[in-house]
Structures are given as C-alpha cells and as structure tokens.
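Summary of structural features
Each chain, letter by letter, is given below.
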Amino acid sequence: MRIEEHPILKFKRGKKIKFKFEGKTMEGYEGETVAAALHANGILVLGESLEKHRPRGFYCAIGNCSSCLMEVDGIPNVKTCVTKLEEGMEVNKQKGKGELK
Amino acid sequence: MINTDIAIVGGGPAGLCAAISAAESGAKVTLIERNDELGGQLVKQTHMFFGSEKQYASTRGIDISDILLEKLEGHKENVTIMKNTTVLGRYEDGVITGMIDENKYLKFNPEALIVATGATEKFLGFPNNDLPGIYGAGAVQTLMNVYGVKPGDKVLMVGAGNIGLIVSYQLMQAGVKVEAIIDAAPNIGGYLVHASKIRRMGVPIYTGHTVKEAIGSDHLEKAVIWQLDDKWQPIEGSEKEYDVDVMCVSVGLSPLNELLVMAGCEMEYVPELSGNVPLRNEDYETTVENIFVAGDSCGVEEASSAMVEGYLAGLTAAAKIGKIHPQYEEKKADYIKQLDDLRSGPVGKHIRSGIDKIVRR
Ligand SMILES: Cc1cc2nc3c(=O)[nH]c(=O)nc-3n(C[C@H](O)[C@H](O)[C@H](O)COP(=O)(O)OP(=O)(O)OC[C@H]3O[C@@H](n4cnc5c(N)ncnc54)[C@H](O)[C@@H]3O)c2cc1C
Ligand code: FES
C-alpha cells in the first residue's frame, strides 16, 4: 500500500521501526503516524463504536473527529491519526470508553 | 504563566502570516500549533495555486509553507513557536490554557489573541457511512501526500468542488484508480480547468447524483449511487454500483472556532461561509475586544485569502496593543485590496454576500 514512485513528491521516510498491533509485530517508519503505519500494513479497522460495536476506521486524519481512537502503550483514547509511531509501541483496538488509571 | 503580546492559535497559512505581520510590527508573538509541524493544510497540497503573485500563484502549497516558515525565521527575535501544543480554553480574564505533548498544562496571558484554527471536514448521511474505507478527502490527501501511503485501490469521489477534483487528480498521480466523481448539485462546483483535465484522463463526472448506500462487512466493498431529479429527490431504478474499497467524501469544510464561542464572541450561521462564524469588523476583530480571527475559522475560503487575512489581522492586532507598523496605512490598504481582488468576479459572489452579513463597521 506504499507509494514508491510519484511524479512530484519524494518521500523521505525515516528509519524502519517495529511495533505491535494486537500482539502481532509490524513494520513502519519513524516520522509517520500510527494510523498511517497501520493502513500501510493493511489494517483498516482501528476500533469499534461504543453502542453497536460497528467497525471504526479513521476519517479526518488531522485530529478533528475522534474516529481513530485506540489504546497505545496502555493509554486509551489516543488519536492515532496524529500520534507518531515509536519503536516498540504496543497498539491495540480499544473496547469501550477506556479507563483512567 | 507565559506572558506574550499576542498569542496566535493555529499554525496554518493564516496563523503563519499573522505571526509574520505582528512580529514585523514589533509585537512579541507566541504561535501555538497542536501538530508537530507548522503549515496547516498546506503541507499536503502538491498542486499549484491560483490567486495572484502576492499569494504565490503557480507555486505548490507544500512550497508555500516553506516560504512562509523562512519569512517567519527572519523575525526570530519576536516569535516563540510552540508546537505539539493544543489550546483548550479561554477564560474571562483573558488567560488561555493549553496542553503540551499531551501531558502538561500551560497558561498564557496575551494582550491580544488571534484565532486561526482552520476548518474541519463535513460528513454525509447515507446507510453504512461509518464503514472504514470511507474517508474525508483531506484525510486521503494527508495519507498519500504526507506519508506516501495509498488509501486503497479503487475510489469513488463524492463531491466535484475544487478539493474533490484536485484530490482525484492526486489519487491518479499516486497510482490509484478513480472510478467516478459524483456531485449532488446539477453543476460542477470546482474550476472547469481541473474538471476537463480529469475527464480527459477518462474519469466520468456525474452531477445530479448522490450516494444511496455503502456496502461491506468490516470495510467498504461496494458503493451504490443514484440520480436526483430537479427537486433533489432520488430516482428509483437509476442506481449504479461500484466495486470500490475507498469512498472519498469531499462535501466541504466547516469553520473550527469553538474557542471563539467559549470566549463569548457573537456568532452567526452563514451558509455562504460554510457554518457558524464570528461577527467582526474590518480589522478582523471580533465582538470581544482584542480577540481577532483569520483564515478558514472565520469563513471557509481558500489558502490565498487565509494568508492575506492573516497578514491583515496580525497588523491590526499589533496596532490595537500599541505596536503600530511604520507603514500601517499603506499595508492595510494593500491587504484589503488583495482580499477584494481575490473575492471579485462571479466566483467570489457568495463569499462577498456572506461577508456582508458579518462585518460590523
Ligand atoms: C483537502 C483540502 C484541500 C484543499 N485544497 C486547496 C487548494 O487547492 N487551494 C486553496 O487555496 N486552498 C485549498 N484548501 C483550503 C486551504 O487549505 C485552507 O483554506 C487553508 O489551509 C486555511 O488556512 P488556515 O490557516 O485558516 O487553516 P489550516 O490550514 O487548517 O490551519 C489551522 C491550524 O490550526 C491548528 N489548530 C486547530 N485547533 C487548534 C488548537 N486548539 N490549538 C492549537 N492549534 C490548533 C491546526 O492543527 C492547523 O495546523 C484545501 C483544504 C483542504 C482540507
Ligand atoms: S481520524 Fe479524525 S481524529 Fe483521527
């Protein structure tokens, strides 16, 4: 799903890093967001709606709509479309509203 | 508590230009941006701009962002940039609060405030509109132009305004197939040069069509469209089905300005400006003294006018707190003329009538 050749843009990708989604190891690049890295790995469903448990993906990708909330390193309600990926991050689909610890 | 002459919320084209202009007038400016990068929506716009030379026509959006950052760098001594900082509220005593790096609260005590928080994408109602694979056009642009990730293989574009047309073209540049562009309106809203370029590349544009439903189990697999009659009612039997994994929704933006509402600025719903916008005077000052506004947050237009509004609001806000630019009158007249030019002619007609409803003299 990555664009390798583009007529106008050159993508300066950062170094390759590993992270986990639902326990599965995946690869992404430093400097990209969690949602972009997941999408590049073919993961479209990031969570579920609160009442009807319908699948949720991102919508705005600029931090305005909260459609992309996930649990990242144990912290719930993280907007993954504006959160940068880090080496070793553990990203999980969030069930329910999340709890304050 | 962080003391500053002018706090500017939002580092898009409007906020950047406001910072440049206020700093040039001699004010100490704090520019606050929630992302880790300045530039706002410009950072994903790979196409060349319209407008005139003063607004960098024929330059790509991504490059305009760099030009503005360089200009800002020239006023380093007057500008503090705070990235990863979201402004959360404004209190009666004029203090604004923010959060840096998602974990630390800050307070600012500016003499004047310029709100340049931009806009947010609108959504469209139809069955299963929440399936993953249905994305805002800006989101798709961000994904492919900033991160180099394809949104999918086949796209239905909903909305034939400039954003819909431009993003369709950019999707094709990224090697993604655009099956069709549809728009509920009877005419194409965007510039015809863009539309004919896309048609020449073999993409049909259906006006008078809307989405009937989306189909898929856990992500989009099919989209069904149908035709509307002249009363905007769907015509049974006119359905067309597309096997697409992405639907791009490009039905406009609405101003993002909760901060102004919170501050008690008088607001009005103005359809021509795409939503709820603050009443203001010619200096872009709202009904609350020393709160100024610029860019999409006071009416959705385009980046060119957002920049000029930013320059103007930076100039007038600085003057309001006693930092008067030596060429204040000439500069102000020039910005007002630039805005008039950008809004002239038939294309700017609805913007002009919207602005007439909110400007208090
Ligand atoms: C998909 C898309 C395509 C477009 N294509 C074109 C085009 O081709 N030509 C054109 O002229 N215009 C185009 N536009 C419109 C143009 O980009 C906007 O009009 C312009 O960017 C508006 O500038 P702005 O500074 O008002 O807002 P923005 O560029 O949106 O900047 C607002 C900034 O404020 C920040 N912010 C928001 N809230 C807070 C807060 N509480 N605290 C801190 N920071 C905050 C945001 O992160 C953002 O960086 C397009 C817009 C979109 C969405
Ligand atoms: S997709 Fe809208 S906030 Fe992340």
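Residues numbered from 1 in each chain as written. Chains lettered and ligands numbered in written order. Predicted model: local features only at pLDDT ≥ 70, side-chain atom pairs only at ≥ 80, totals over all residues. Heavy atoms only, no water.

**Topic: the packing of helix α3 (residues 137-146) of chain B against helix α4 (residues 162-173) of chain B**
In a packed pair of helices, the relevant descriptors are the angle between the two axes and the axis-to-axis distance. Residue and element names in this part refer to chain B. Contact geometry for α3 and α4: axes closest at 10 Å, N-to-C directions at 30°. One element, α3, and the other, α4, form an angle in the roughly parallel class. In this structure, α3 meets α4 at a crossing whose hand is left-handed. In this structure, α3 uses A137, V140, Q141, M144 and N145 to contact α4, whose residues at the interface are I163, I166, V167, Q170 and L171. When its residues are assigned to classes, the contact of α3 with α4 shows seven nonpolar, three polar and no charged. (Axes fitted to C-alpha atoms, helices over the stretch in contact; angles between N-to-C directions. Helix = DSSP H or I, 4+ residues; strand = E, 2+ residues; numbered from the N terminus. Parallel < 35°, antiparallel > 145°, perpendicular 65-115°, else oblique. Left-handed = near helix turned anticlockwise from the far one by under 90°. Contact = heavy atoms within 4.5 Å. Nonpolar A, V, L, I, M, F, W, Y, C, P; charged D, E, K, R; others polar.)

**Looking at the domain arrangement of chain B**
All names here are of chain B. Looking at the assigned domains, one finds that chain B contains domain 1 (2-120 + 253-358) and domain 2 (123-249). The C-alpha centroid of domain 2 is placed 31 Å from the C-alpha centroid of domain 1. Taking both partners together, domain 1 and domain 2 bury about 790 Å²; carbon and sulfur atoms supply 62% of that area. Linking domain 1 to domain 2 there are zero salt bridges. Across the domain 1-domain 2 interface, the total number found is zero residue pairs in polar contact (both at pLDDT 80 or more). Per-class residue counts for the side of domain 1 that touches domain 2 are four nonpolar, three polar and two charged. (Domains from an automatic or database assignment. Buried area = accessible area lost by both parts, 1.4 Å probe. Salt bridge = Lys/Arg side-chain N within 4 Å of Asp/Glu carboxyl O. Polar contact = N/O pair within 3.5 Å; in protein donor to acceptor, adjacent residues only side chain to side chain.)

**Regarding the site of ligand 1**
Residue and element names in this part refer to chain B. Around ligand 1, a shell composed of 31 residues is seen, among which E33, Q45, H47, V87 and D296 lie nearest. Here an oxygen atom of ligand 1 sits 2.6 Å away from a polar atom, N or O, in the side chain of E33. R34 places a polar side-chain atom, nitrogen or oxygen, 3.0 Å from an oxygen atom of ligand 1. Within the complex, the protein chains bury 94% of what would otherwise be the 1000 Å² of accessible surface of ligand 1. Of all the secondary structure elements, the ones that give two or more residues to the shell around ligand 1 are α1 (13-24), β4 (85-90), α3, α4 and α7 (303-320). Element by element, the count of residues in the shell around ligand 1 is highest for β4, at three residues. Across the shell around ligand 1, the residue classes break down as 12 nonpolar, 15 polar and four charged. Taken domain by domain, the shell around ligand 1 gets at least three of its residues from each of domain 1 (2-120 + 253-358) and domain 2 (123-249). (Near = heavy atom within 4 Å. Areas by Shrake-Rupley, 256 points an atom, 1.4 Å probe, with all protein chains shown as cover.)

**Here's the deal with the interface of chain B and chain A**
Each side of the interface is counted separately: chain B has 39 residues, and chain A has 30 residues. Across the chain B/chain A interface, buried area totals approximately 2900 Å², and carbon plus sulfur atoms make up 57% of it. In this structure, R54 of chain A and D130 of chain B form a salt bridge, with 2.7 Å as the shortest nitrogen-oxygen distance. Our count for the chain B to chain A interface comes out at 13 residue pairs in polar contact (both at pLDDT 80 or more). The element that contributes the greatest number of residues to the side of chain B that touches chain A is α3 of chain B, accounting for seven residues. Here the residues of the side of chain B that touches chain A sort into 16 nonpolar, 14 polar and nine charged.

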